[in-house]
Amino acid sequence: MKRIALALALTLVAPAAWAADKLPLAEISTYLNGLKTVQTTFTQINDDGSLSTGKLWLQRPGRMRFEYDPPDRSVVLAKGGTVIIHDPKSNQPPEQYPLNRTPLSIVLARTVDLDRANMVVGHAFDGTATVVTAQDPENPEYGRIDLMFTDAPVELRKWVIHDGAGSRTTVILGPLTKGNSLNQNLFIDGQPGVSASR
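Remember, it's a predicted structure, so these values are computed and weren't measured experimentally. (Residues numbered from 1 in each chain as written. Predicted model: local features only at pLDDT ≥ 70, side-chain atom pairs only at ≥ 80, totals over all residues. Heavy atoms only, no water.)

(A) Highlighting the overall build of the chain. Across its full length, the chain carries 3 helices and 12 strands. The buried share of the chain, taken over its 198 residues, is 48%. Counting only carbon and sulfur atoms, one obtains 51% of the accessible surface of the chain, whose full area is about 9300 Å². (Helix = DSSP H or I, 4+ residues; strand = E, 2+ residues; numbered from the N terminus. Buried < 20%, exposed > 50% of the residue type's maximum accessible area, 1.4 Å probe, protein only. Areas by Shrake-Rupley, 256 points an atom, 1.4 Å probe, with all protein chains shown as cover.)

Pasting the structure below:
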């Protein structure tokens, strides 16, 4: 379930300067549109206080891979308009969800325009970061995600997923490596351990 929450979120924390004021949605949109490829690590704080770690690769538009470190080894892929969750410990086939029904679609869109995105339901400043809240307007019972951006430079630092059952999952991103060429097998192969280099 925690991987589902992550998959239905999106993606991209280095200890940088905190934002001094709320960033305009247009500025955040420009930042997201400038991200073509991203590679980073993440730490996930689960609702029960346990921690999970892993790696994240993003290629806009439309592709993302979350790979959890052992012992979990789950892989979450976004590709071809679908989010696919591979759990090697399960004897079940991978779970699949339409990408456009998740807040992840906002970040992976060909053109990001948060001022017009119908999933954006909140835009605030919490004293340290600009918080953009997104949820499916047709299915608010699925929960919501709070995306947190800092300033100077603008950077996505973390997100918090609030699921429909009241659980909370926080994902903190490591330093972002941007603009590198990524192995396309990352977005095809659901098995853990795919090489990031071509």
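The rest of the description comes next.
(B) Seen up close, the side chain of N46. Assignment of secondary structure puts N46 in the loop between β1 (37–45) and β2 (51–59). Looking at N46, its side chain comes within polar contact range of the side chain of S52, at 3.3 Å. (Polar contact = N/O pair within 3.5 Å; in protein donor to acceptor, adjacent residues only side chain to side chain.)

(C) Quick look at the pairing of strand β9 (residues 143–150). Counting buried positions along β9 gives 7 out of 8 residues, so the element sits mostly inside the fold. Taken together, the 5 bridges between strand β8 (residues 130–134) and β9 define a ladder with antiparallel strand orientation. Bridging from a neighbouring strand, V132 pairs with L147 of β9. Between β9 and strand β10 (residues 155–163), which follow one another and run antiparallel, lie 4 residues, and A152 among them has a positive phi close to 55 degrees. (Pairing = 2+ DSSP bridges.)

(D) Region of the structure containing the packing of aromatic side chains. Inspection of every chain in the model, using the stated rule, returns 4 aromatic pairs. Consider the rings of F66 and W159, whose centres lie 6.3 Å apart with planes at 85 degrees: the pair is edge-to-face. Taken as a pair, F66 in strand β3 (residues 63–68) and W159 in strand β10 lie far apart in primary sequence, 93 residues in all. Like F66, the residue W159 is buried in the burial classification. (Phe/Tyr/Trp six-rings, centres within 6.5 Å; stacked < 30°, edge-to-face > 60°.)

(E) Just the pairing of β8, in detail. Of all 5 residues making up β8, 5 are buried, and the element is well covered by its neighbours. Residue alternation in β8 divides its side chains into two sets, T130, V132 and A134 and V131 and T133, and both sets are buried. Relative to β8, strand β7 (residues 120–125) is paired through 5 bridges, and the arrangement is antiparallel. What sits directly across from A124, in β8, is V131. Between the antiparallel neighbours β7 and β8 lie 4 residues, among them G127 with a positive phi of about 100 degrees.

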